[in-house]
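Results of the structural survey
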Amino acid sequence: MTDDTGSDEPLAGMPGRPARDAVVIGGGLAGITAALALADAGIRVTLIEGRPRLGGLAFSFQRGELTVDNGQHVYLRCCTAYRWFLDRIEGTALAPLQDRLDVPVLDIGKPEGRRLGRLRRDPLPVPLHLGRSLATYPHLSLAERAKVGRAALALKGLDLADPTLDTQDFGSWLAAHGQSARAVEALWDLVGVATLNAVAGDASLGLAAMVFKTGLLSDPGAADIGWAHVPLGELHDRLARKALDSAGVRTEVRTRVTSISTDENGRWSVQVPGETLQADAVVLAVPQREAHELLPDGALDHPDQLLDIGTAPILNVHVVYDRKVLSRPFFAALGTPVQWVFDRTAASGLREGQYLALSQSAAHDEIDAPVATLRERYLPELERLLPATRGAEVKDFFVTRERTATFAPTPGVGRLRPGARTKAPGLYLAGAWTATGWPATMESAVRSGVSAADAALSALGRSRPSDLFEFEEAA
Ligand SMILES: Cc1cc2nc3c(=O)[nH]c(=O)nc-3n(C[C@H](O)[C@H](O)[C@H](O)COP(=O)(O)OP(=O)(O)OC[C@H]3O[C@@H](n4cnc5c(N)ncnc54)[C@H](O)[C@@H]3O)c2cc1C
């Protein structure tokens, strides 16, 4: 573990420049990003993580021979910061993007039987790229499809910089723009629940507009979907650790920070069991409640607002069959409690049969349900969705529960999210929950880490690394 040398000795390769120390607290994507960015700028960085591994909320664990992700994670082509992160840790090839957006949507809720539709794009400019898909989307009536088109254009016209958007809920806006309950269920919530972790009626219009404008109405390829073809731990723990090691970051896992304080010279002390680390800059990249506990007095004008940022759960239901029951890598479902189903067989290392993960967002009603109840509920639903499961043997059934998977994207949350700078010089905040403009995603986490590093580097008088993720100019 590093300690304070109190030195101003020049860094190797940087003659005459005083060495600077930073401590990054929290080894999720925000903290890893901040640590890499600071180290790439020549700062001596120590990264402290309480758990035995890096990756925070996006991690893997072993269950017998199976490597399991705590929850299915996807990203979109418009997630430019997370894509930068994948490049930085040399993981891009392991989490490829679809060539072109293509989401199979299977509806089993209609008396006429199962029906498959697709949301896909054509090689045409926005918004025509989705025109054909919408026009032929079988899960909506002709009138509903026309109204969806009109609402999409109205959404495109919203100014994301308008703070009043965050005071309204997306559901009311959709209703006011002629969207039927069916259109909300079969289209808006299909995308929105997975990306926002809330149904439209519970989501801030500002965040929803941000997601739909950026993902579906900016660049034709923006919503192409990418996901890890390896366990998440391979990316966010092993490869991230390798990148941190090569950047010279000292990483300590299983080490919880218990307090942070500053002395009269503005130097920071970070307390971990048995040791005090000294630093010129501290990045606090922990969830909002932990940040609230660690923040020194006066660091934020309204620190208790952090406690007003709610959280929302995500449940993953994992089923291993003795045979192949699904031929696609993933699909979304309608007319059933099942939301999205992913084939995790190859990534998990399963040698025989097929392993499916059901990703159930905004799972407030089910997050504490006993496994037996979930089994009784979901296995019959999978039989309805995937006829090949009838007669297949269920080799394993288990669930992973993330009760505080994301911050709740409720109306008004925008004003509660602080930026990277605090009132305490040298102390910066990062985390998907900070004011990035994005919902709680890997993209938001990486952006927040870059913002915190940028703020720290500017205060330390260091230039940002030339290959660090660049924020786009506001249009
Ligand atoms: C089931 C699930 C599914 C998801 N699906 C998606 C998805 O499909 N796409 C997407 O983009 N995002 C998804 N997300 C959200 C995404 O995982 C998070 O937004 C992102 O990983 C948050 O990163 P973070 O670094 O901000 O915070 P965290 O990952 O929470 O990291 C904070 C870290 O700080 C550590 N820590 C806390 N206190 C201390 C302390 N005192 N000392 C030391 N360390 C401490 C914690 O152990 C943790 O590792 C999902 C999340 C979950 C849970």
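Parameters at a glance
Throughout, residues of each chain are indexed from 1 in the direction in which the sequence is written. Side-chain atom pairs in this predicted model are given and counted only at pLDDT of 80 or more, local residue features only at pLDDT of at least 70, and totals for whole chains, interfaces and linings cover all residues. Each side-chain value is worked out from all heavy atoms of the structure, with water and hydrogens disregarded. Any carboxyl oxygen of Asp or Glu that lies within 4 Å of a side-chain nitrogen of Lys or Arg is treated as forming a salt bridge with it. Here a strand is any run of E in DSSP of at least two residues, a helix any run of H or I of at least four, and the numbering for each starts at the N terminus. Each pair of aromatic rings taken from Phe, Tyr and Trp, with Trp reduced to its six-membered ring, is defined by centres within 6.5 Å and is described as stacked if the planes are under 30 degrees apart, edge-to-face if over 60, and tilted in the remaining cases. Exposed residues in this analysis have more than 50% of their type's maximum accessible area, buried residues have under 20%, and partly exposed residues fall in between, with area computed by a 1.4 Å probe over protein chains only. Criterion used throughout: strands pair if DSSP finds at least two bridges between them. Here, axes are lines fitted to C-alpha atoms. For helices the fit covers the stretch in contact, and angles between N-to-C directions go from 0 to 180 degrees. What makes two residues a contact is simply this: any of their non-hydrogen atoms within 4.5 Å. The span you would expect from a helix comes to 1.5 Å times its residue count less one. Polar contact is defined as a pair of N or O atoms within 3.5 Å, subject to the rule that within protein one atom must be able to donate a hydrogen and the other to accept it, and that residues adjacent in sequence are counted only when both atoms are side-chain atoms. What makes a residue near a molecule or strand is one non-hydrogen atom of that residue sitting within 4 Å of it. Where accessible areas are quoted, they stem from the Shrake-Rupley method and a 1.4 Å probe; at the residue level, only the protein chains shown are allowed to cover. Residues are grouped as follows: Ala, Val, Leu, Ile, Met, Phe, Trp, Tyr, Cys and Pro are nonpolar; Asp, Glu, Lys and Arg are charged; every other residue, Gly included, is polar. Note: domain ranges come from an automatic or database domain assignment. Within this scheme, the nonpolar core is defined by two criteria: the residues are buried Ala, Val, Leu, Ile, Met, Phe, Trp, Tyr or Cys, and they are joined through side-chain atoms within 4.5 Å. Two parts placed together each lose some accessible area; with a 1.4 Å probe, that loss summed over both constitutes the buried area.

As for the pattern of salt bridges
Two side chains of opposite charge can pair, provided their charged atoms sit close to one another. Going through the model one piece at a time under the given rule, you end up with 25 salt bridges. The shortest N-O distance in the salt bridge between R403 and D368 comes to 2.8 Å. Of the two residues, R403 sits in strand β20 (residues 394-407) while D368 sits in the loop between β19 (354-361) and α12 (371-385), which places them 35 residues apart along the sequence. Close ionic contact of R447 with E443 constitutes a salt bridge, the shortest N to O distance being 2.6 Å. Separated by four residues within a single helix, R447 and E443 lie in helix α13 (residues 442-460), roughly one turn from each other.

Notes on the packing of aromatic side chains
Inspection of the entire model under this criterion finds 13 aromatic pairs. Ring centres 6.5 Å apart and planes at 40° place the aromatic pair Y355 and F398 in the tilted group. One end of the pair, Y355, is in strand β19; the other, F398, is in strand β20, and 43 residues separate them in sequence. For the residue pair Y355 and F398, the accessibility class agrees, reading buried in each case. Geometrically, the ring pair formed by F469 and F471 is edge-to-face, given 5.3 Å between the ring centres and 80° between the ring planes.

Remarks on the sheet that holds strand β16 (residues 311-321)
Taken in spatial order, the seven strands make up an open sheet running β9-β8-β17-β18-β19-β16-β20, and their pairing is mixed. Each edge of the sheet is formed by a strand with only one pairing partner; in this case those strands are β9 (115-120) and β20. Pairs of neighbouring strands in the sheet enclose a mean axial angle of 25°, with direction left out of account. Examined bridge by bridge, β16 and β20 share 10 bridges and lie antiparallel to one another. The partner of V320 across the bridge, within β20, is D396. Set on the sheet, helix α6 (residues 181-196) makes contact with β8 (102-107), β9, β17 (330-334), β18 (340-343) and β19; between it and β17 the angle comes to about 140°. Along the sheet, α12 contacts β8, β16, β17, β19 and β20; its crossing angle with β20, the most-contacted strand, is approximately 110°.

Concerning helix α7 (residues 205-216)
Along its 12 residues, α7 runs 16 Å from first to last C-alpha, staying within 8% of the 16 Å computed at 1.5 Å per residue. α7 sits mainly inside the fold: 11 of its 12 residues count as buried. If you check which residues of α7 are buried, you get L205, G206, L207, A208, A209, M210, V211, F212, K213, T214 and G215. For α7, the capping residue at the N-terminal end is S204, with a side-chain oxygen 3.1 Å from the backbone nitrogen of G206.

Regarding the site of the ligand
Neighbouring the ligand are 33 residues; E49, L57, H73, A432 and M442 lie closest to it. A30 places a polar main-chain atom, nitrogen or oxygen, 2.9 Å from an oxygen atom of the ligand. Within the contact set of the ligand, a nitrogen atom lies 3.2 Å away from a side-chain nitrogen or oxygen of R256. Summarising the interface, the protein chains cover 94% of the accessible area of the ligand, which totals 1,000 Å² for the free molecule. Where the shell around the ligand is concerned, the elements lending two or more residues are α1 (29-40), α9 (288-294), β20 and α13. Taken together, the residues that form the shell around the ligand break down as 17 nonpolar, 11 polar and five charged. A domain-level breakdown of the shell around the ligand finds at least three residues from each of domain 1 (1-61 + 70-98 + 228-310 + 408-475) and domain 3 (311-407).

So, the nonpolar core
By size, the foremost hydrophobic cluster in this structure holds 129 residues, and its most contacted members are L38, Y82, F170 and W188. The element contributing the most residues to this core is α13, with 10 residues. Those residues in contact with F170 that sit more than four places away from it in its chain are L155, W188, A200, A203, S204, L205, A208 and F212. If you look at the next biggest cluster of nonpolar residues, it comprises 26 residues, including Y321, V325, L356 and F397.

With respect to the domain arrangement of the protein chain
Its domain assignment divides the protein chain into domain 1 (1-61 + 70-98 + 228-310 + 408-475), domain 2 (121-220) and domain 3 (311-407). Taken over C-alpha atoms, the centre of domain 1 sits 32 Å from the centre of domain 2. Each partner contributes residues to the interface: domain 1 has 13 residues there, and domain 2 has 16 residues. Between domain 1 and domain 2 the total buried area reaches about 1,000 Å² when both faces are included, carbon and sulfur atoms providing 68% of it. The largest per-residue losses of area from domain 1 upon contact with domain 2 belong to P409, P411 and P439, which jointly make up 50% of the total buried on that side. Counting the contacts that link domain 1 with domain 2 gives zero salt bridges. One can count four residue pairs in polar contact (both at pLDDT 80 or more) joining domain 1 with domain 2.

Quick notes on the environment of T164
Considering the arrangement of structural elements, one finds T164 in the loop between α4 (142-156) and α5 (170-176). Put simply, T164 and G412 are 248 residues apart on the chain and 9.1 Å apart in space, counted from C-alpha to C-alpha.

Re the sheet that holds strand β13 (residues 268-272)
Sheet architecture is open: three strands sit in the order β12-β13-β14, paired in antiparallel fashion. For this open sheet the edge positions go to β12 (259-262) and β14 (275-279), each flanked by a neighbour on one side alone. Averaged over neighbouring strand pairs, the angle between their axes works out to 25° when direction is ignored. Relative to β14, β13 runs antiparallel, the two sharing five bridges. In the strand pairing of β14, V270 is matched with L277.

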